[in-house]
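These are the residues of each chain, in order.
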Amino acid sequence: MKGFPKGAARGLVVPEHLDDLPGPVLIVEGASDVAACLTLGLPAVGRPSNSAGSKQLLHLLRDRVVLVVGERDEKPDGRWPGRDGAVAVADKLADRWGRTVPWSLPPAKIKDVREWLASRVSEGLDLADGDACRSNGRLLLQELLTASEPIRPRQGETIPEQAPYPIDALPMSIRNLALEGAVAIGCDPSMIALPAVVACAGVIGLSRDVAIKESWREPCILWGAVVARSGARKDPALDLASGPLREIDEAARRKHDVAKREHETAMQCYLKEEARWKKSKDKEDPPEKPEAPARERLVVQDATYEALTRIVAETSRASVIAIRGELGAWIHEWNEYGSSGRGSSHAAKWLEMNGGRYPAVDRVGAGEVFVSRAAVSVVGAIQPGTLRRLLGGGEHIDSGCAARVLWVMPSFQPSAFSHAVVKEATSQLYATVIQRLHALERVPMLFEDGAVGPQSVRLKLSKRALLIFEGWFNELACQMWQMPDDLASSASKLEGGAARIALVIALVIAAEKGTQVELDEIDEVSMAAGVKLARWHLAESRRIFEVLRGSKPQSGEDRRVAELVDWIEENPDSTARDVYRSLARFKGKDGTKRAKAALEELSRPGGPLVCEQGPKTRHYRKRTVDDDVPDDSSSLGSPAIAESVGVGTDIGPTQERTTPAQAGCSQEDAPSIIDNERPSADGVTDLDWDDPG
């Protein structure tokens, strides 16, 4: 779908439901290539020419993974506009986004995607066969990825600002608990949401797993860590999420106490019967010794790996969750060895547990312990300084354990006392969900050797859910090879991690609806939510690892100011109304006024812009050396300039930030470009150009 405002040049070609198409977006040339990509099941956006459209792409696809596709149109004189244009667009996007952007060309002797599709049709591809078209789309994407080359930003990779935790992706019971608990406790909602998701995974345990395909299944095992300073209310948040689990564990303990007393009585009877049998000359069978009751465990704390192995072995569900107020000891344990001091480190054994495999034979004092399968989810909190000390050297990251952790590192938020509490209905619904998930059981299975043992119930992905997962997998494939090793390791684990999260979400939603948690497959809603959360956690891992490398996460002032300055440089003599029409954050109420305020701030003496008064209105352009810039000119990142473009200044974690409302650029007033359907400068579609303010 393509359209143009009056007087505008050709714009991008953008599918009507681009946001609903999973996977990396191919930036191709022209409408026919977009149509060919959509036929093959590949999301795409069309450039109006070989090198045009980058300004609009900057906004439209800022939050998407992209692959710029050129054309094989080399000229006899050596010029190659299709290739050079793709490189130029990728270079522009990489510099402005602060991240690597790959570009590629179609296979040899094929000009573009349209020609590639035509060649497949000539070989017998039926365009009415959707599955066959998507299968061919996978082949094309693989060829493009194999031939792709990276364009890296000239100033190096930058760390994006922390996006809000995607609380809307969570089921109602967890979402309400996190939102209400955050107000009552005075903490970030993610500090409750992540522990709650991991808690649900720990309760489900080995009772269910997800089959992505016949040879790829993922267990319901999650590890989560909240990174927050002292005083951030980590313990109350963790207690709220784990409360119903502790109640189940406490009920099991009371039941075990009763069983122990009954066992003691039975043992006394047994000893008397045994003594009588020994004195008797009859050849009757000896009395049967009562078996000691095993305590069912759900929650463990501060247990070493060796002790944990025995606990899991004695639990009929073979599934527990380790809830630790301080995760430092657990992380430190990754590089420790067993009690004998020999053999592989505990990291290798923890990796086995994360995969739901057996933790091997482990010596625990006397005797041996063997667990065929075990599920141990882990959640807790850790202070930033402790994390930096434990992971800063890199050895724990290299072990692969840190890559399997879902991290959250919210900004510190000082909070006053609140009379707010979590509603009883919210607490009760969450507790009911936990109880219903805990009631799930494995099913008996007859093995090849004739033995009968418990087996996880396997849930498949629905057809639509599988397409969403495929898009996520391909999205990571576009990025992973250009990531640092530590982040690439996290990305590889989040391939299947998205399916694990989707499994939890699907079962929680089913538990909210009724007492019988019966599912045969995971639907597209749960899979999309799992991908959304996995994508957020990948970005959070990037922030964590950059901090561990000694980098500071970049705030938004310089990037947003630079965006406005760059736009003025590309569009000299523009007015505030031109800015309002073209940059997404100035859309909405009083957009022209906010744009004018930002431009005036940037055009103050020493600023990067120059204001010139025209016959009717003011025009702005980029300042040059001829404009006699004073030596003490202010930087782009000054608090005053930052406030004028609607961002807070980076003044430290304990100080107040400028709110969007104070800066005149609220989320409601300045929705993202995707929420507004299309970018505006080149006119992808018709928009209402009247300033509502």
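Scroll up to find the structure.
Please read these numbers as outputs of a predicted model, since none were measured by experiment.

Visitor: Talk me through empty space enclosed by the protein; I want residue IDs and the actual numbers.
Guide: Summed over the entire model, instances satisfying the criterion amount to three cavities of 30 Å³ or more. Looking at the largest cavity, its volume works out to about 50 Å³. Of all the secondary-structure elements, those providing two or more residues to the lining of the largest cavity are helix 2 (54-60) and helix 18 (557-570). Looking at side-chain class alone, the lining of the largest cavity contains three nonpolar, one polar and four charged residues.

Visitor: Can you explain the sheet that holds strand 7 (residues 216-219)? Please cite residues and give values.
Guide: Reading across the sheet, the four strands line up as 7-6-17-18 and stay open at both edges, with mixed pairing between neighbours. Only two strands of the sheet have a single neighbouring strand rather than two, namely strand 7 and strand 18 (521-522). Summarising the sheet, strand 6 (residues 208-213) and strand 7 pair through four bridges and their orientation is antiparallel. Bridge pairing in strand 7 places Lys213 opposite Trp216. The strands touched by helix 16 (residues 485-513) within the sheet are strand 6, strand 7, strand 17 (457-461) and strand 18, with strand 6 carrying the most contacts at an inclination of about 130°.

Visitor: I'd like a description of the packing of helix 4 (residues 113-122) against helix 5 (residues 130-147), backed by residues and values.
Guide: Look at helix 4 against helix 5: their axes get within 12 Å of each other, and the N-to-C directions meet at 135°. With respect to helix 5, the element helix 4 is oriented oblique. Where helix 4 crosses over helix 5, the handedness of that crossing is right-handed. Along its contact with helix 4, which presents Val113, Trp116 and Arg120, the element helix 5 presents Asn136, Leu139, Leu140 and Glu143. For the contact of helix 4 with helix 5, a count of residues per class yields four nonpolar, one polar and two charged.

Visitor: Just give me the short version of the sheet that holds strand 4 (residues 101-104), but keep the residues and values in it.
Guide: Pairing is mixed in the open sheet, where five strands are placed in the order 2-1-3-4-5. Among the strands making up the open sheet, the edge pair consists of strand 2 (44-47) and strand 5 (149-151). Strand-to-strand, the axes of this sheet are offset by a mean angle of 30°, without reference to chain direction. Against the sheet, helix 3 (residues 81-97) engages strand 1 (25-29), strand 2, strand 3 (66-69), strand 4 and strand 5, with an angle of about 175° to strand 4.

Visitor: For the packing of helix 8 (residues 234-279) against helix 14 (residues 424-438), give the residues involved together with the corresponding values.
Guide: Look at helix 8 against helix 14: their axes get within 10 Å of each other, and the N-to-C directions meet at 50°. With respect to their mutual orientation, helix 8 and helix 14 come out oblique. The hand of the helix 8/helix 14 crossing is right-handed. Contacts from Leu240, Ala241, Pro244, Leu245 and Ile248 of helix 8 reach helix 14 at Tyr430, Ala431, Ile434, Gln435 and His438. Grouping the amino acids of the contact of helix 8 with helix 14 by side-chain chemistry returns eight nonpolar, two polar and no charged.

Visitor: So what about the pattern of salt bridges? Which residues, and what values?
Guide: Within this structure, the stated rule accounts for 24 salt bridges. One salt bridge connects Glu475 with Arg535, and the closest N-O pair in it is separated by 2.9 Å. Placement of the pair is Glu475 in helix 15 (residues 463-480) and Arg535 in helix 17 (residues 524-548), with a sequence separation of 60 residues. Judged by relative accessible area, which is 4%, Glu475 ranks as buried. Each of Glu250, Arg253, Arg254 and Asp257 takes part in salt bridges that share partners, so that together they form one network.

Cut-offs applied
Residues numbered from 1 in each chain as written. Predicted model: local features only at pLDDT ≥ 70, side-chain atom pairs only at ≥ 80, totals over all residues. Heavy atoms only, no water. 1 Å grid on protein atoms, 1.4 Å probe; cavity = no way out; pocket = protein on both sides within 12 Å on 5 of 7 lines; lining within 4 Å. Points joined across faces, edges and corners; volume = space filled by probe spheres on them. Helix = DSSP H or I, 4+ residues; strand = E, 2+ residues; numbered from the N terminus. Nonpolar A, V, L, I, M, F, W, Y, C, P; charged D, E, K, R; others polar. Pairing = 2+ DSSP bridges. Contact = heavy atoms within 4.5 Å. Axes fitted to C-alpha atoms, helices over the stretch in contact; angles between N-to-C directions. Parallel < 35°, antiparallel > 145°, perpendicular 65-115°, else oblique. Left-handed = near helix turned anticlockwise from the far one by under 90°. Salt bridge = Lys/Arg side-chain N within 4 Å of Asp/Glu carboxyl O. Buried < 20%, exposed > 50% of the residue type's maximum accessible area, 1.4 Å probe, protein only.

Just geometry here; none of it tells us what the structure is for.
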